[in-house]
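Breakdown of the fold
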Amino acid sequence: QLQLVESGGDLVQPGESLRLSCADSGFTLDYYAIGWFRRAPGKEREGVSCISSEGGNTNYADSVQERFTISRDNAKNMVYLQMNSLKPEDTGVYYCAADGPGLFRLCVLGEVGAYDYWGQGTQVTVSS
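Here's a quick rundown of the structure. (Residues numbered from 1 in each chain as written. Predicted model: local features only at pLDDT ≥ 70, side-chain atom pairs only at ≥ 80, totals over all residues. Heavy atoms only, no water.)

Turning our attention to the state of the cysteines. Throughout the structure, instances matching the rule amount to two disulfides. Linked covalently through their sulfurs, Cys22 and Cys96 form a disulfide whose S-S length is 2.1 Å. In this structure the cystine formed by Cys22 and Cys96 twists about its S-S bond by roughly 70°; its chirality is therefore right-handed. Of this pair, Cys22 sits in strand E3 (residues 18-24) while Cys96 sits in strand E9 (residues 92-99), and the two are 74 residues apart along the sequence. In this structure, Cys22 and Cys96 share a single accessibility class: buried. (Disulfide = S-S within 2.5 Å. Helix = DSSP H or I, 4+ residues; strand = E, 2+ residues; numbered from the N terminus. Buried < 20%, exposed > 50% of the residue type's maximum accessible area, 1.4 Å probe, protein only.)

Let us now look at the sheet that holds strand E1 (residues 4-7). Backbone-to-backbone hydrogen bonds pair the strands of a sheet. The strands run either parallel or antiparallel. What the four strands build is an open sheet, ordered E1-E3-E8-E7; its pairing is antiparallel. If you trace the sheet from one side to the other, it starts and ends with E1 and strand E7 (68-73), each paired once. Averaged over all adjacent pairs, the angle separating strand axes in this sheet is 15°, with direction ignored. Of the strand pairs in this sheet, E3 and strand E8 (residues 78-83) are connected by six bridges, and their pairing is antiparallel. The partner of Leu18 across the bridge, within E8, is Met83. (Pairing = 2+ DSSP bridges. Axes fitted to C-alpha atoms, helices over the stretch in contact; angles between N-to-C directions.)

Cis peptide bonds are those with omega within 30 degrees of zero, and the linkage from Gly100 to Pro101 qualifies with 5°. Examined against the element boundaries, Pro101 turns out to sit in the loop between E9 and strand E10 (117-118). Notably, Glu66 is not glycine yet its phi reads approximately 75°, a positive angle. Assignment of secondary structure puts Glu66 in the loop between strand E6 (58-60) and E7. For Asn77, which is not glycine, the phi dihedral falls at a positive 60°. Its relative accessible area of 14% is what places Asn77 among the buried residues.

The following block contains the structure:
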C-alpha cells in the first residue's frame, strides 16, 4: 500500500515561496488523484488543491488561487505544490493524500473521505 511522504516545509517570511513535494518510494502514483490539505492551528483540516491522476484536472481553494500551483511528474513519481506569495494564514501542517487506484482518476477538492492514503505532514510556518 502507498506510504506517502511530504517534504519541503519550512519557516519563511510573508511574501516568500516554498515548494512542497509528495512522494511514495514503493508504489507508482500514476493511478492516483492527489490532494493537498492543511491543518492550521486550532482549525479543521481543509483542502488546498488537488490534481487528477493524469494531471489534466486541477482544483484550488479560493484562498490559494493564483498563488499556489499543483503539478505532478509521474516519471519521477512526485507531486508538487508550489506556494508563492505566502501569507501568515497559510501556516499549518500540510498533508498530501491519494485517491485510487484507477484510470483517469479525477480529483475531489477538500473531500477528506475520498482519499485513502495520507502522509504524515510537513510544517509550513509563515511569520515575520
